[in-house]
Amino acid sequence: MKKPIAILLCLVMVMSMLSACGSSGSTAAPADSGTSGAAPAQSGSAASDPASAQGPEIVYVDADDSVYRVLYSSEVTTLNYLTSSNTNDQRIGANTVDTLVEYDSNGEIQPSLATEWTYDDEAQTWTFKLREGQKWVDTTGAPVADVTAGDFVAAMKYMLTPEMGSTTAQNLFGVILNAEEYYNGLAGEEDYKPIDFSEVGVRAEDDYTLVYTLETPVPYFLSMLTYVCFMPAYGPQLEELGASFATSADTMYYNGAYYVSAFEPQVQLVYTKNALNWDAEHIYIETIQRTYNAEASTIGPEMVRRGEIDSATLSSDIVDAWMADPATAPMVSMERPSLDTSYYYCFNFNVHALNENFYRDGMTGWSIDEKYEPWNWEIAVNNENFRQSIRYAINRLSTMYVATGDAISPDTFLENTITPKGFAVDPVTGKDFTAQSAISEIASFDNFDPDMALMFKELAMEELSAQGVTFPVKVLVRYNPSTTNWDNQCVVLEQQLESVLGADYIDVIVEAGPSENFLSLVRRSCDYMLLLCNWVADYADPETWTDPFYQSRNEDGSYHRGFRYAYMAYAITDGTDSADTVAEYFRLVEEAKKITDDTDKRYAAFAAAESYLIEHALVVPYGTQVPNFVVTRINPWEGQYAAFGISNQRFKGMKLLDHYLTMQEYNNSAISH
Amino acid sequence: MAKYLTKRLLRSVVTLFIVTCVVFTLMRAMPIEGYFQNYEKLTDAQIQAGLREQGLLDPLPVQLWHFFQGLFRWDFGVSHTYRTNVPVTEILRDKLPVSIRLGCLSILTSMVFGIPIGTMMARHKGRFFDKLGTVFIVFIQAVPAAVYFLLIQLYGTTALGVGLLFDAANPRCWILPVLSMALGNTAYYAMWLRRYMVDESNKDYVTLARAKGVSENAIMFRHIFRNSFVPLVQYIPSSFLNTIIGSIYVESLYSIPGMGGLLVTVIEKSDNNMVQAIVLLYATVGVIGLMLGDILMTVLDPRITLAGKAGDR
Amino acid sequence: MTLVDLLVRSKEKAAEESLRKSLAAAYDAAAEGSAEEREAYAEKVSGLSADELFGFAGYNEAESERIGYSNYSYWGSTLRMFFKNKGAVFILTVMLMIILFTIIQPHLPNQFDPYAVNFDERYIAARNVSPNGTYWFGTNSIGQDLWARIWAGTRTSLIIGFSVALIDAVVGIVMGVLWGYVRRLDFLFTEIYNVLDNIPQTIILILISYMMSPSVKTLIFACSVTSWIGMARFIRNQILIIRDRDYNLASRCLGTPTRRLIFRNLLPYLVSVIMLRIALSIPSAIGNEVFVTYIGLGLPVTVSSLGSLINEGRKVMTVAALRYQLFFPTIILSIVTISFYIIGNAFSDAADPKNHR
């Protein structure tokens, strides 16, 4: 499969123009993204107050003694940045290991460890010249060795060794030549025979020349390089320690902006500025003191008020009260908003426990407990009028309000499309994806309309009664109890839906899911009926937003399940009432995917597919991630920024303010970005 | 005496063995996710291979045998999700001393406060001090610790002029956590000591002593207190364990790196090896605590000869 | 009698004391009835010869009836004793009112649904509203009426408490009686006891709450799975003590069936302690619920309980204006807890037949 270079270069341009650049976020789209950390943004998305005048100049603390103190309640599981796909763990790598390239605060790619790079005509062989004289330092900050191209190769070999249990290695598959073959060969998978590592597409030409060979042209390759799976590690040390690499602060070396000077699990994690870093002059905060506290959400704000720490997240329970108090109101600001995540309500089209990959004991026949009458739901969900009635009955403002409170208008974060506004802008015409004529109407259309909902209810009741559906239809809504506010949002949703549609029609049942492995036990196992799902973009193209819905076919004609969380094909294979609708959507997507030489046409085709998806209520768009309210002495707009990956977790470039960032300063910064 | 001690020790060992077997067997019922750092992303083949490698597909008795072998090598396996690949013993080694220190301090504090309060209450039975103590005891019993611990932290730190978080180097930082942890036991000791002393003071020998003209103070401290203290002693070792487990509130509020919240944390992360090790550790401390309590009683009170009725503690 | 007396009644001591009292009472009662006769008798006997003095007494049928029959009613006396304790009666009244109110509260006019989020016409929730005329206890952080939630929560917590108490009592008594009476089972039970008693209850509570999905049933199970053993052991010990007392020995010699022995001779003696344990297990079950909720393994949001209310309140505790969300449920919890302690102790005192006169 060789894509024309034109579209490739187009996409590369998209990537560099857009703030939303592609990096492959691990296995994207957890439904429980509560842990996802700091966040990227589009220009001015949170600038709710653009009229505000330019504030007084921001005053910073003297750089030499700037200590940034913060509490955390979620401990890292490992320091090993080569194996963990957990956002929380990746903060370590982000701050202590430099990558070939990095982002600036405007989301543009800049050289970092690589000073220059070239690629061949096919864009399949990339050659990077490394910055010379870079040092690995140990946990005391003392230099140990030079950073060489071999360190990148060693790290990749480590990741592609199955025993090391890297959970991000999959991101290399299909990108780096033979990465998948090598990994699966070592893992002893059927159909794979062991191959030598020299056949894998990574090579150190000399100490300062690194060459990657790709399996296929990857338009977003450069942005991938900032992700953990392309990070280097000191080769001899990896060799020596193997699986016990990075089990503590002194079993790893650092070459990034900071080194971990102390790590005591559930006590503290201290980052100290690495003065030997090539860009040390742009590292402003000397020390980052992270202290563990299980009650950080309760204690944190109080400690900020007493000046004992410099940053805390305000839960939505208390943010109103902080805003209402004139003493604390000026201290409240927000995290930088995110654009790479889209939330939407998913209908479950597969209530059968067919997915042997995620089969769990005690699951027989139905993927949902029989007390929720999944057979009833199966008929109902495949009736378009039923789905439409729910679509029109969902008032997203009321659930969004749970997360925002009065502090910011809830509609700021609503999205009427799956592809967030501003995510994909046509590099040629400059037209946003959501402005495509096929979807522009939907993009400005709020689904909430009780009259329409009731109209569809009448239609659905009539049709479904004839099919033997008993009313009220039970609608099982699940949430992850460890995700802040999700529980409360479900409570609001339940009540709001029932009040619009009537308890004679649907009976919304809210049930907590497991807090660990929610994704595999609920979303992948189809143990829900209506679920607020999310998807994290994997690359800067609208196609990424079809991944959670579209299912390709295997060679034998069956639909591919893979790791995509998509189950709509069951509507087709089961021969349900919505078979034609789903089939039509799949056809539209396939058509759009074929267009690779004209971005406008491609976008238009994807817009048509997405519009069809929403119009037929196969899914109900919800919104983007609501950034947390915070009191903080750093300005999130000064840090590195990318739509995906770990750049946003980096402290490099941020300065410590002598006061808490105000909303006005925040907005001013937002406008200038 | 020696015979009794041997017997008591042997019985504790047997109990511990049974407890270990039961806990180990129960742990096999835990979800297998807890044996992998990244269960969600593994294929079935990888999971099976991992289970085989960890010996989890062996028959239960074999697993148990391996486990006991490991015990003698002081090997509890490694943590999977809490701190990947770090030996369980190493994690516990860091945490235990803190908990033990806090636990001892708080037990000591509660004795320092609880015993005088209980004595004074008994001495002034029905009068003001008794009533004041009663209010205190009732308050501690009725109000959830989670609430008053937080109040103590918020107001106490302001009053003492210390930070909200614990700092081992600053002696003043020890006051509030230790005090909070001691409150429950203080009330407990005071309550029972008062009870025993009031009961004791109704006994005939006290009346006799009084009739003989022994001073009220001498009766109180030489006779009543000494006799009432004996049954209280039995509680002390086991209240130590409860203090450590109960320290979860205090530890999470003050960021104290102890054992208190560890069990809950590893359960939430379903780190099976850690859960197993901690439950066994607590069970061991529990067994030893009960045994110590019994032995202390025997030592302190010569009237008690447990040898005759072993089997009924 | 002070609260502490009520809180911790040492049973052994009480037994000793009241045994003396009841003996005296019995003597007085016996003496009272025959006082006139004795006087007359004394007059009569003075100056009689030895032969006349020490003759054989005749059999008096009426007398023997009077001794063999008493109008003593156990429950009647128990209640009479209990109602003598004015403080306990007052607290009982408060308690009953609370229980009654948790039942009738939803049926009163102008009540909110405890789980309903209160929206305005734009479906915007009335969040964190301080107590006012509409929302008597204010609303919580998503706009649910705290007044209704507190009563619903009290209801849930009381259901948990009462269920645990009931299971404790039934299982504990049955097992305890078996343990005490069937010697073959003694070894088995003792080992079970050793194991269960050596693993701290908190740990079992945490483990079970984790392994089973959070629900009221899980909590009840987790709380009662170990607590019955305490009750059983107590019953067993008492049975061992009482079983070989003279009156039971006599009963056995007379061929009384074991079952009758247990139910007529043993259990009544234990009612007071059983009552106390039941009463105390209610607040301890509620306390466990608060703990389990605190560590995040408690009930789902769709079920209000005192534990979850207190936990929600704790989260907003640092903001002074929102503290009402913590204080209201804490106050109710404290009232319920204290009440059960006091009523339990007072009732167990009253139920002890040795205290009856």
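Thresholds applied
- Residues numbered from 1 in each chain as written.
- Chains lettered and ligands numbered in written order.
- Predicted model: local features only at pLDDT ≥ 70, side-chain atom pairs only at ≥ 80, totals over all residues.
- Heavy atoms only, no water.
- Helix = DSSP H or I, 4+ residues; strand = E, 2+ residues; numbered from the N terminus.
- Buried < 20%, exposed > 50% of the residue type's maximum accessible area, 1.4 Å probe, protein only.
- Contact = heavy atoms within 4.5 Å.
- Areas by Shrake-Rupley, 256 points an atom, 1.4 Å probe, with all protein chains shown as cover.
- Pairing = 2+ DSSP bridges.
- Axes fitted to C-alpha atoms, helices over the stretch in contact; angles between N-to-C directions.
- Buried area = accessible area lost by both parts, 1.4 Å probe.
- Salt bridge = Lys/Arg side-chain N within 4 Å of Asp/Glu carboxyl O.
- Polar contact = N/O pair within 3.5 Å; in protein donor to acceptor, adjacent residues only side chain to side chain.
- Nonpolar A, V, L, I, M, F, W, Y, C, P; charged D, E, K, R; others polar.
- Parallel < 35°, antiparallel > 145°, perpendicular 65-115°, else oblique.
- Left-handed = near helix turned anticlockwise from the far one by under 90°.
- Disulfide = S-S within 2.5 Å.
- pLDDT = per-residue confidence, 0-100.
- Patch = residues over 30% accessible without salt bridge, like charges linked within 9 Å, V, L, I, M, F, W, Y side chains within 5 Å.
- Lys, Arg positive; Asp, Glu negative; His and termini not counted.
- Charge placed at Lys NZ, Arg CZ, Asp CG, Glu CD.
- Expected span 1.5 Å × (residues − 1).
- Phe/Tyr/Trp six-rings, centres within 6.5 Å; stacked < 30°, edge-to-face > 60°.
- Lys NZ or Arg CZ within 6 Å of the ring centre and 35° of its normal.

Is there a simple way to explain the overall build of chain C in this structure?
Looking only at helices and strands, chain C features 14 helices and 0 strands. Ordering the α and β elements of chain C from the N terminus gives α-α-α-α-α-α-α-α-α-α-α-α-α-α. Residues counted as buried form 52% of the 357 residues belonging to chain C. Partitioning the intrachain contacts of chain C with sequence separation of at least 6 by distance along the chain shows that 71% fall at a separation of at least 24. Element-wise, carbon and sulfur atoms account for 64% of the exposed surface of chain C, whose accessible area totals about 17500 Å².

Whenever I open this one, the sheet that holds strand 8 (residues 202-206) of chain A confuses me. Can you help?
By way of backbone hydrogen bonds, the strands of a sheet pair with one another, either parallel or antiparallel. Residue and element names in this part refer to chain A. Read across the open sheet, the 4 strands follow the order 4-5-9-8; overall the sheet is antiparallel. The open sheet has two edge strands with one neighbour each: strand 4 (114-119) and strand 8. Strand-to-strand twist of the sheet, defined as the mean angle between neighbouring strand axes without regard to direction, takes the value 20°. Helix 3 (residues 149-159) rests against strand 5 (125-130), strand 8 and strand 9 (209-213) of the sheet, and its axis sits at about 160° to strand 8.

How should I be thinking about the environment of G126 of chain B in this particular structure?
All names here are of chain B. Of note, G126 is situated in the loop between helix 4 (88-123) and helix 5 (128-142). You can call G126 partly exposed: its relative accessible area is 32%. Along the primary structure G126 and F225 are separated by 99 residues, whereas in three dimensions their C-alpha atoms are 18 Å apart.

Could you clarify how one ought to interpret the interface of chain B and chain C in this entry?
Interfaces are often described in size by the accessible area the parts lose on coming together. On the chain C side, the residues contacting the 52 residues of chain B number 44 residues. For the pairing of chain B and chain C, the buried interface totals around 4300 Å² over both sides, and the portion due to carbon and sulfur atoms is 70%. In this structure, the connection of chain B to chain C is made through 0 salt bridges. For the pair chain B and chain C, the interface holds 4 residue pairs in polar contact (both at pLDDT 80 or more). Elements represented by at least two residues in the side of chain B that touches chain C include exactly helix 1 (2-27), helix 5, helix 6 (145-160), helix 7 (171-201), helix 10 (235-246), helix 11 (248-254), helix 12 (262-268) and helix 13 (272-300) of chain B. Of the residues in the side of chain B that touches chain C, the class split is 34 nonpolar, 9 polar and 9 charged.

Help me understand the pattern of salt bridges, please; the structure alone is not making it clear to me.
When their charged atoms lie close together, side chains carrying opposite charge are able to pair. Summed over the entire model, instances satisfying the criterion amount to 25 salt bridges over all chains. Residues R305 of chain A and E302 of chain A are paired through a salt bridge, measuring 3.1 Å at the closest nitrogen-oxygen approach. Note that R305 of chain A and E302 of chain A are positioned in helix 7 (residues 296-305) at a spacing of 3 residues, about one turn of the helix. Since its relative accessible area comes to 34%, R305 of chain A is described here as partly exposed. For E312 of chain C, the salt bridge goes to R149 of chain C, with nearest N and O atoms at 3.6 Å.

Whenever I open this one, the interface of chain C and chain A confuses me. Can you help?
Between chain C and chain A, the residue contacts involve 23 residues of the former and 27 residues of the latter. Contact between chain C and chain A buries roughly 2200 Å² in total, counting both sides, with carbon and sulfur atoms accounting for 58%. Along the contact surface separating chain C from chain A lie 1 salt bridge. The partner of E295 of chain A in a salt bridge is R314 of chain C, and the shortest N-O contact between them spans 2.5 Å.

How should the packing of helix 13 (residues 306-315) of chain C against helix 14 (residues 324-351) of chain C be read in this particular structure?
When two helices pack together, their arrangement is given by the angle between the helix axes and the distance between those axes. Residue and element names in this part refer to chain C. Running from N to C, helix 13 and helix 14 cross one another at 150°; their axes reach a closest spacing of 7 Å. Taken together, the axes of helix 13 and helix 14 are roughly antiparallel relative to one another. Judged by the twist between their axes, the crossing of helix 13 over helix 14 is left-handed. Side by side, helix 13 and helix 14 meet where L306, L309, I310, G313 and R314 of the first sit next to Q325, L326, P329, T330, I332 and L333 of the second.

Mind showing me how you'd approach unusual backbone geometry here?
Residue and element names in this part refer to chain A. Backbone torsion omega between F471 and P472 reads -5°, so that peptide bond is classified as cis. For P472, the location among the structural elements is in the loop between helix 13 (450-466) and strand 16 (473-479). Backbone geometry places A246, a non-glycine residue, at a positive phi of 60°. Along the polypeptide, A246 turns up in the loop between helix 6 (235-241) and strand 10 (258-264). What makes A246 buried here is its relative accessible area of 0%. Located in the positive-phi region is E373, a residue other than glycine, with phi close to 50°.

Quick question: what am I supposed to make of the state of the cysteines here?
One way to say it: the disulfide is the covalent bond shared by the sulfur atoms of two cysteines. In the structure shown here, the tally under the stated rule is 0 disulfides over all chains. For the unlinked cysteine C533 of chain A, the closest cysteine sulfur is that of C346 of chain A, found at 3.7 Å.

Teacher, can you tell me more about the confidence of the model for chain C here?
Any region with low pLDDT has predicted coordinates that should not be read closely. Residue and element names in this part refer to chain C. Confidence in the prediction for chain C averages 77 pLDDT; 78% of positions are at 70 or higher. Predicted confidence for residues 1-15 stays below pLDDT 50, and this span has 43 contacts to residues more than four positions away or in other chains. Low pLDDT, under 50, characterises residues 22-33; the stretch is placed with 4 contacts to residues that sit more than four places away or in other chains.

When you look at the side chain of S647 of chain A in this model, what are you seeing that I'm missing?
When you line up the elements, S647 of chain A lands in the loop between strand 20 (629-632) and helix 19 (663-672). Aside from chain neighbours lying at most four places away, what touches S647 of chain A is Y103, T226, Q640, Y641 and A642 of chain A.

Would you mind showing me how to read a negative patch on the surface here?
A contiguous patch of negative charge on the surface is contributed by E458, E462, E463 and D577 of chain A. Within the secondary structure, E462 of chain A is located in helix 13.

So what exactly am I meant to see when it comes to helix 6 of chain B here?
For an α-helix, the turn length of 3.6 residues means that residues three or four places apart are oriented alike. All names here are of chain B. Helix length check: helix 6 (16 residues) gives 21 Å between terminal C-alpha atoms against 22 Å at 1.5 Å per residue, within 8%. Turning to helix 6, its buried residues are A145, A146, V147, Y148, F149, L150, Q153, L154, G156 and T157. At the exit of helix 6 stands G161, carrying a positive phi of roughly 70°.

Please clarify how the packing of aromatic side chains should be interpreted in this entry.
What characterises a pair of aromatic rings is the spacing of the ring centres plus the angle enclosed by the ring planes. Residues and elements named next belong to chain A. What the rule picks out here adds up to 57 aromatic pairs over all chains. For the pair W126 and F128, a centre-to-centre distance of 6.4 Å together with 15° between the ring planes defines the contact as stacked. Taking relative accessible area as the criterion, W126 reaches 6% and is therefore assigned buried. Residue F128 is classed as buried on the basis of its relative accessible area, which comes to 0%. Positioned above the aromatic ring of W278 is the side chain of R131, whose terminal nitrogen or guanidinium carbon lies 3.8 Å from the ring centre.

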